[in-house]
Amino acid sequence: TSIDPKRLTVFELWQDEYPEAIHLMASLPNNNLLAQKESEIIIDRAYKRLAEKELPVIPTHDGIATTPPHEDVVTAEIKEAYERKLGVAPETTLE
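Residues numbered from 1 in each chain as written. Predicted model: local features only at pLDDT ≥ 70, side-chain atom pairs only at ≥ 80, totals over all residues. Heavy atoms only, no water.

Help me understand the pattern of salt bridges in this model?
Between side chains of opposite charge, pairing is possible as soon as their charged atoms come close. Enumeration over the complete set of coordinates arrives at eight salt bridges. Two residues, Arg49 and Glu80, come together in a salt bridge whose shortest N-O distance is 4.0 Å. One end of the pair, Arg49, is in helix 3 (residues 32–52); the other, Glu80, is in helix 4 (residues 71–86), and 31 residues separate them in sequence. Given a relative accessible area of 34%, Arg49 falls into the partly exposed group. Using a relative accessible area of 36% as the deciding quantity, one classes Glu80 as partly exposed. A salt bridge links Arg84 to Glu77, with the shortest nitrogen-to-oxygen separation between them at 3.7 Å. Looking at Arg84, the relative accessible area reads 38%, which means it is partly exposed. Judged by relative accessible area, Glu77 falls into the buried class, the value being 4%. (Salt bridge = Lys/Arg side-chain N within 4 Å of Asp/Glu carboxyl O. Helix = DSSP H or I, 4+ residues; strand = E, 2+ residues; numbered from the N terminus. Buried < 20%, exposed > 50% of the residue type's maximum accessible area, 1.4 Å probe, protein only.)

What am I meant to see in the side chain of Glu38 here?
In this fold, Glu38 is placed in helix 3. Residue classification places Glu38 among the buried residues on the basis of a relative accessible area of 13%.

How do you make sense of the pairing of strand 1 (residues 57–60) when you look at a structure like this?
Consecutive side chains of a regular strand alternate in pointing toward one face of the sheet and then the other. Pairing geometry for strand 1 and strand 2 (residues 63–66), over four bridges, is antiparallel. Note that in strand 2 the partner of Thr60 across the bridge is Gly63. In this structure, the hairpin formed by strand 1 and strand 2 is closed by a connection of two residues. (Pairing = 2+ DSSP bridges.)

Just checking my understanding: could you explain helix 4 for this structure?
An α-helical segment advances 3.6 residues per turn. Residues three or four places apart therefore align on the same side. Relative to the 22 Å expected for 16 residues at 1.5 Å per residue, helix 4 spans 22 Å between its end C-alpha atoms, a close match to the ideal helical length. Residues of helix 4 that are buried include every one of Val74, Glu77, Ile78, Ala81 and Tyr82, and no others. For helix 4, the angular spread of the buried residues around the axis is 130°, confining them to a single face. Just past helix 4, the residue Gly87 takes up positive phi, approximately 85°. (Expected span 1.5 Å × (residues − 1). Arc of directions from axis to C-beta.)

Before we go on, may I ask you to explain the environment of Arg49 in this structure?
Counting along the chain gives 25 residues from Arg49 to Val74, while the straight-line C-alpha distance between them is 9.8 Å. Arg49 has contacts with Glu77, Glu80 and Arg84, leaving out every residue within four places of it along the chain. At 2.7 Å, the side chain of Arg49 forms a polar contact with the side chain of Glu77. (Contact = heavy atoms within 4.5 Å. Polar contact = N/O pair within 3.5 Å; in protein donor to acceptor, adjacent residues only side chain to side chain.)

Explanation requested: unusual backbone geometry in the structure shown.
Backbone geometry follows two general trends: most residues other than glycine have a negative phi, and most peptide bonds adopt the trans configuration. Located in the positive-phi region is Glu54, a residue other than glycine, with phi close to 60°. Within the fold, Glu54 resides in the loop between helix 3 and strand 1. Under the relative-accessibility criterion, Glu54 is labelled exposed at 71%.

Structure follows, in structure tokens:
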């Protein structure tokens, strides 16, 4: 079983506190449960809040695309959405 390297930071953050959950998630086919939860956080929470603010955002398969002037706002909203749902904000990257 392999874990997508882009999601490694979340697994690293959870490893010490939730070792059983990490083992379970890593054993799932294609990590579908984790992908579903990520979708709920990114699309249902962060993206919808950003769209309501009428910011230029487009959901992607693993994040939210925006224009350079709005990168900080989008990053902050994603981190806040994770923290509200999971109690921890992951590391994020800009691409």
